[in-house]
Amino acid sequence: MPFGIASFRSRQQVFAFEAALSRAGIRTQVVSTPREVALGCGLSVRFALEDWPRVVDVFRRSHPANLIGFYRVAPRQGARPEITAMPVM
C-alpha cells in the first residue's frame, strides 16, 4: 500500500516534524529514507496518504527547516519502490 514520506537534511528536523504531526493527531513513523531519494540525513517521516492535506497544513504552520521534499512511496513486490515527488501547492 502506498504511503507518503517527508525527507529532511537534519535528523533534528525529522523528529521535530514527526512530533508536530503527532500533536496534530496524525499517525507517523520515523523510517529510513528510501535510497531512491538518496539525499538528507537517512531518516524520513512516514504518513498515510489519506492524511496528506493535514500534513501540508502542519507543514505550512510549522515551517520546518531543511526539508528536501515530500514523496509518495509505492512498494512493489520483487522490485524497488516507485518514488514520486509530491509538490506542496
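Preceding block: the structure.
Summarised in this report is the structure supplied together with it. Nothing here was measured: the structure is a model prediction, and the numbers come from that model.

Side note on the overall build of the chain
Looking only at helices and strands, one finds two helices and five strands in the chain. For the chain, the succession of helices and strands along the chain, N to C, is β-α-β-β-α-β-β. With the C-alpha coordinates of the chain rotated into their principal frame, the extents come out at 40 × 25 × 25 Å. Relative to its full complement of 89 residues, the chain shows a buried share of 42%. Sequence separation of 24 or more characterises 66% of the internal contacts of the chain that already satisfy a separation of 6 or more. Here the chain has roughly 5,300 Å² of accessible surface; of this, 50% comes from carbon and sulfur atoms.

Observations concerning the layout of surface pockets
Reported here for the largest pocket is a volume of approximately 230 Å³. Contributing to the lining of the largest pocket are Met-1, Pro-2, Phe-3, Arg-27, Thr-28, Gln-29, Arg-46, Phe-47, Ala-48, Leu-49 and Glu-50. For the lining of the largest pocket, the elements supplying multiple residues, two or more each, are β2 (28–32) and β3 (43–47). Grouping the amino acids of the lining of the largest pocket by side-chain chemistry returns six nonpolar, two polar and three charged.

Things to note about the side chain of Ser-7
Examined against the element boundaries, Ser-7 turns out to sit in strand β1 (residues 3–8). Classification of Ser-7 by relative accessible area gives buried; the value is 0%. Once you skip the residues sitting within four places of it in the chain, Ser-7 turns out to touch Thr-33, Val-37, Leu-39, Ser-44, Asn-66, Leu-67, Ile-68, Gly-69 and Tyr-71.

Here's the deal with the packing of aromatic side chains
This model, assessed by the stated rule, comprises six aromatic pairs. Put simply, the rings of Phe-8, Phe-17, Phe-47, Trp-52, Phe-59 and Phe-70 pair up and form one aromatic cluster.

Focus: helix α2 (residues 52–62)
When α2 is considered as a whole, its buried residues turn out to be Trp-52, Val-55, Val-56, Val-58 and Phe-59. An end-on view of α2 places all buried positions within 160° of arc, on one side of the element. Along α2, the residues that are exposed and aim more than 90 degrees away from the buried face are Pro-53 and Arg-61. A positive backbone phi angle near 45° is found at His-63, which sits one or two residues after α2.

Parameters and conventions
Residues numbered from 1 in each chain as written. Predicted model: local features only at pLDDT ≥ 70, side-chain atom pairs only at ≥ 80, totals over all residues. Heavy atoms only, no water. Helix = DSSP H or I, 4+ residues; strand = E, 2+ residues; numbered from the N terminus. Buried < 20%, exposed > 50% of the residue type's maximum accessible area, 1.4 Å probe, protein only. Contact = heavy atoms within 4.5 Å. Areas by Shrake-Rupley, 256 points an atom, 1.4 Å probe, with all protein chains shown as cover. 1 Å grid on protein atoms, 1.4 Å probe; cavity = no way out; pocket = protein on both sides within 12 Å on 5 of 7 lines; lining within 4 Å. Points joined across faces, edges and corners; volume = space filled by probe spheres on them. Nonpolar A, V, L, I, M, F, W, Y, C, P; charged D, E, K, R; others polar. Phe/Tyr/Trp six-rings, centres within 6.5 Å; stacked < 30°, edge-to-face > 60°. Arc of directions from axis to C-beta.

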